Amino acid sequence: MSEPRESFTDEEYAFLRHVRFGELPPGVRPEERLESTESETEPRRDRPDPTGGQHEWDLRAGGG
(Lines give C-alpha, C1' and ligand atoms only; values in the text may rest on other atoms or scores of the structure.)
Protein backbone atom coordinates (compact mmCIF):
# COMPACT_ATOMS: atom_id res chain seq x y z
CA MET A 1 0.00 0.00 0.00
CA SER A 2 1.10 3.54 -0.59
CA GLU A 3 2.03 5.87 2.23
CA PRO A 4 -0.37 8.64 3.21
CA ARG A 5 0.33 11.86 1.34
CA GLU A 6 1.41 14.89 3.32
CA SER A 7 -1.00 17.79 3.02
CA PHE A 8 0.12 21.42 3.16
CA THR A 9 -1.77 24.43 4.45
CA ASP A 10 -2.55 27.39 2.17
CA GLU A 11 0.22 29.36 3.88
CA GLU A 12 2.74 26.58 3.23
CA TYR A 13 1.71 26.38 -0.44
CA ALA A 14 2.09 30.18 -0.70
CA PHE A 15 5.60 29.94 0.77
CA LEU A 16 6.57 27.13 -1.62
CA ARG A 17 5.29 29.16 -4.61
CA HIS A 18 7.31 32.16 -3.43
CA VAL A 19 10.46 30.05 -3.05
CA ARG A 20 10.03 28.54 -6.52
CA PHE A 21 8.90 31.58 -8.52
CA GLY A 22 9.89 34.60 -6.46
CA GLU A 23 7.79 37.74 -6.40
CA LEU A 24 5.47 38.83 -9.15
CA PRO A 25 6.36 42.03 -10.98
CA PRO A 26 4.20 45.01 -10.10
CA GLY A 27 0.86 45.14 -11.91
CA VAL A 28 0.36 47.45 -14.87
CA ARG A 29 -1.93 50.35 -14.03
CA PRO A 30 -4.78 51.08 -16.46
CA GLU A 31 -3.23 54.41 -17.52
CA GLU A 32 0.00 52.58 -18.46
CA ARG A 33 -1.75 50.13 -20.77
CA LEU A 34 -1.67 50.52 -24.54
CA GLU A 35 -4.22 49.49 -27.11
CA SER A 36 -3.09 46.74 -29.43
CA THR A 37 -2.51 47.86 -33.01
CA GLU A 38 -2.13 44.39 -34.51
CA SER A 39 -5.00 42.98 -36.45
CA GLU A 40 -6.07 39.38 -36.05
CA THR A 41 -5.93 39.08 -39.83
CA GLU A 42 -2.24 40.04 -40.13
CA PRO A 43 0.15 37.21 -41.01
CA ARG A 44 1.80 35.33 -38.17
CA ARG A 45 5.22 36.60 -37.14
CA ASP A 46 6.41 33.47 -35.35
CA ARG A 47 7.71 31.75 -38.48
CA PRO A 48 9.19 32.93 -41.78
CA ASP A 49 7.17 33.12 -44.96
CA PRO A 50 7.20 29.76 -46.76
CA THR A 51 9.62 29.49 -49.64
CA GLY A 52 8.39 27.62 -52.68
CA GLY A 53 4.75 28.01 -51.71
CA GLN A 54 2.53 26.94 -48.87
CA HIS A 55 2.39 23.34 -50.15
CA GLU A 56 6.17 22.96 -49.74
CA TRP A 57 6.01 24.50 -46.28
CA ASP A 58 3.28 22.04 -45.29
CA LEU A 59 5.37 19.13 -46.54
CA ARG A 60 8.40 20.28 -44.55
CA ALA A 61 6.24 20.59 -41.44
CA GLY A 62 4.99 17.04 -41.89
CA GLY A 63 1.54 17.96 -43.16
CA GLY A 64 -0.04 16.66 -46.26
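Above this text sits the structure in question.
Within any chain, residue numbers begin from 1 and follow the written order of that chain's sequence. Whole-chain, interface and lining totals are the exception, using all residues; otherwise, since this is a predicted model, local features are given only for residues with pLDDT of at least 70 and side-chain atom pairs are given and counted only at 80 or more. Note: side-chain values were computed over all heavy atoms of the structure, leaving out hydrogens and water.

The next point concerns the overall build of the chain. A tally of helices and strands in the chain yields two helices and zero strands. For the area figures, the Shrake-Rupley method with a 1.4 Å probe applies, and any residue is considered shielded solely by the protein chains shown. For the chain, the accessible area works out to roughly 7000 Å², and carbon and sulfur atoms hold 52% of it. Numbering goes from the N terminus for both helices and strands, where a helix is a DSSP run of H or I of at least four residues and a strand is a run of E of at least two.

So, on to a negative patch on the surface. Only residues whose relative accessible area exceeds 30% and that form no salt bridge are eligible for patches; like-charged ones are grouped when within 9 Å, while nonpolar side chains (Val, Leu, Ile, Met, Phe, Trp, Tyr) are grouped when within 5 Å. We define a salt bridge as a contact between a side-chain nitrogen of Lys or Arg and a carboxyl oxygen of Asp or Glu at a distance within 4 Å. Positive charges are assigned to Lys and Arg, negative charges to Asp and Glu, while His and the chain termini are left out of the count. The atoms used to mark charge sites are NZ of Lys, CZ of Arg, CG of Asp and CD of Glu. On the surface, a cluster of negative charge is contributed by Glu 6, Asp 10, Glu 11 and Glu 12. Along the chain, Glu 11 turns up in helix H1 (residues 10–21).

Moving on to a nonpolar patch on the surface. On the surface, a cluster of nonpolar side chains totalling about 490 Å² of accessible area is made up of Phe 8, Tyr 13, Phe 15, Leu 16 and Val 19. You can see Phe 15 is positioned in helix H1.

Moving on to the pattern of salt bridges. Tallied over the full model, the rule gives two salt bridges. Between Glu 31 and Arg 29 there is a salt bridge; the shortest N-O distance is 2.8 Å. Exposure is judged per residue with a 1.4 Å probe applied to protein chains only, and the accessible area is read against the type maximum: over 50% gives exposed, under 20% gives buried, and values in between give partly exposed. The exposed category is assigned to Glu 31, whose relative accessible area is 58%. Its relative accessible area of 47% is what places Arg 29 among the partly exposed residues. One salt bridge in this structure joins Arg 29 and Glu 32, with 3.3 Å as the shortest N-O distance. Taking relative accessible area as the criterion, Glu 32 reaches 43% and is therefore assigned partly exposed. Each of the salt bridges in this network shares a partner with another, and the network as a whole consists of Arg 29, Glu 31 and Glu 32.

With that settled, consider H1. Helix span, as expected, comes to 1.5 Å for every residue beyond the first. Compared with an ideal rise of 1.5 Å per residue, which puts 12 residues at 16 Å, H1 spans 16 Å between its outermost C-alpha atoms and is within 8% of the ideal. The buried fraction of H1 is low, at zero of 12 residues. In the stretch just after H1, Gly 22 is the one whose phi turns positive, near 75 degrees.

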